[in-house]
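Given next are the chains, with one letter for each unit.
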Amino acid sequence: MKHTPGPWKITTIADYTFIGEVDNTRDGQGICEMMGECEANAKLIAAAPELLSALKRLELASAMVALVDNSEENLEAVELRAALNMSIKAIEKAEGENQ
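Starting from 1, residues in each chain are numbered consecutively following that chain's sequence as written. Local features in this predicted model are restricted to residues whose pLDDT is 70 or higher, and side-chain atom pairs enter the listing and the counts only when it is 80 or higher, whereas totals over whole chains, interfaces and linings include all residues. The side-chain quantities take in all heavy atoms of the structure and omit both hydrogens and water.

### Notes on helix α2 (residues 75-94)
Logical step 1: The numbering of helices and of strands both runs from the N terminus, where a helix is a DSSP run of H or I of at least 4 residues and a strand a run of E of at least 2. Under the convention used throughout, the expected extent of a helix is 1.5 Å for every residue step, that is, one less than its residue count. Helix length check: α2, at 20 residues, gives a terminal C-alpha distance of 28 Å against a target of 28 Å (1.5 Å per residue), a fit within 8%.
Logical step 2: Each residue's exposure class comes from its accessible area (1.4 Å probe, protein chains only) as a fraction of the maximum for that residue type: buried when under 20%, exposed when over 50%, partly exposed otherwise. What α2 keeps buried is the set Ala77, Arg81, Leu84, Ser87 and Ile91. Angularly, the buried residues of α2 cover 120° about the axis, an arc narrow enough to put them on a single face. In α2, the exposed residues that point more than 90 degrees away from the buried face are Leu75, Glu79, Met86, Lys89 and Lys93.
Logical step 3: Looking at the residues trailing α2, positive phi occurs at glycine 96, about 75°. Working note: the arc is built from the helix axis to C-beta atom directions.

Here it is in structure tokens:
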């Protein structure tokens, strides 16, 4: 499963909210259309590509740190490994690998 590449933008006209690509060279592909009070959801959806990219980078950095310090006594390392596991699951879910 492949998602539409970001960045995405939000356009609101009256009660109609549209989320689409910023780069219109690909025919301005639509991501999502909503009616009513959806501004907060639209902002989260529009940020999804950047959030996924940042999470992947954090996952890589966390994995490198976890390799260096895998002590159960270091609470920071334990928390980092927990966050790494959450990141892996979230990335898999976003990419449709583990549903």
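So, next bit.
### Examining the environment of alanine 82
Logical step 1: Positionally, alanine 82 belongs in helix α2.
Logical step 2: Distance in space between the C-alpha atoms of alanine 82 and serine 62 is 9.9 Å, their sequence separation being 20 residues.

### Observations regarding the pairing of strand β2 (residues 16-21)
Logical step 1: As defined by bridge partners, strand β1 (residues 8-13) adjoins β2 across six bridges and the pair is classed as antiparallel. Paired with tryptophan 8 across the strands is glutamate 21, a residue of β2.
Logical step 2: At least two bridges found by DSSP between two strands is the condition for calling them paired. Taking the residues that link successive antiparallel strands as the turn, the β1-β2 hairpin has two residues, and the phi of alanine 14 there is positive, at about 55°.

### A short note on the side chain of serine 87
Logical step 1: By the secondary structure assignment, serine 87 is in helix α2.
Logical step 2: Residues count as neighbours in contact if any of their non-hydrogen atoms are within 4.5 Å of one another. Dropping the residues within four chain positions of it, serine 87 is found in contact with Leu55 and Glu59.

### Some details on the pattern of salt bridges
Logical step 1: Counted as salt bridges are all cases of a side-chain nitrogen of Lys or Arg within 4 Å of a carboxyl oxygen of Asp or Glu. All told, the structure shown has one salt bridge when counted by the stated rule.
Logical step 2: Across the salt bridge formed by lysine 56 and glutamate 95, the nearest N and O atoms sit 2.4 Å from each other. Of this pair, lysine 56 sits in helix α1 (residues 39-68) while glutamate 95 sits in the segment after α2; the two residues are 39 residues apart in sequence, bridging distant segments of the chain.
Logical step 3: Residue lysine 56 is classed as partly exposed on the basis of its relative accessible area of 35%.
Logical step 4: Classification of glutamate 95 as partly exposed rests on a relative accessible area of 22%.

### Quick notes on the confidence of the model for the chain
Logical step 1: Taken residue by residue, the chain gives an average pLDDT of 76. The fraction at 70 or more is 78%.
Logical step 2: The lowest-confidence element of the chain is strand β3 (residues 30-35), averaging 68 in pLDDT; the highest-confidence one is α2, averaging 85. Every residue is assigned a pLDDT by the predictor, reflecting its confidence on a scale from 0 to 100.

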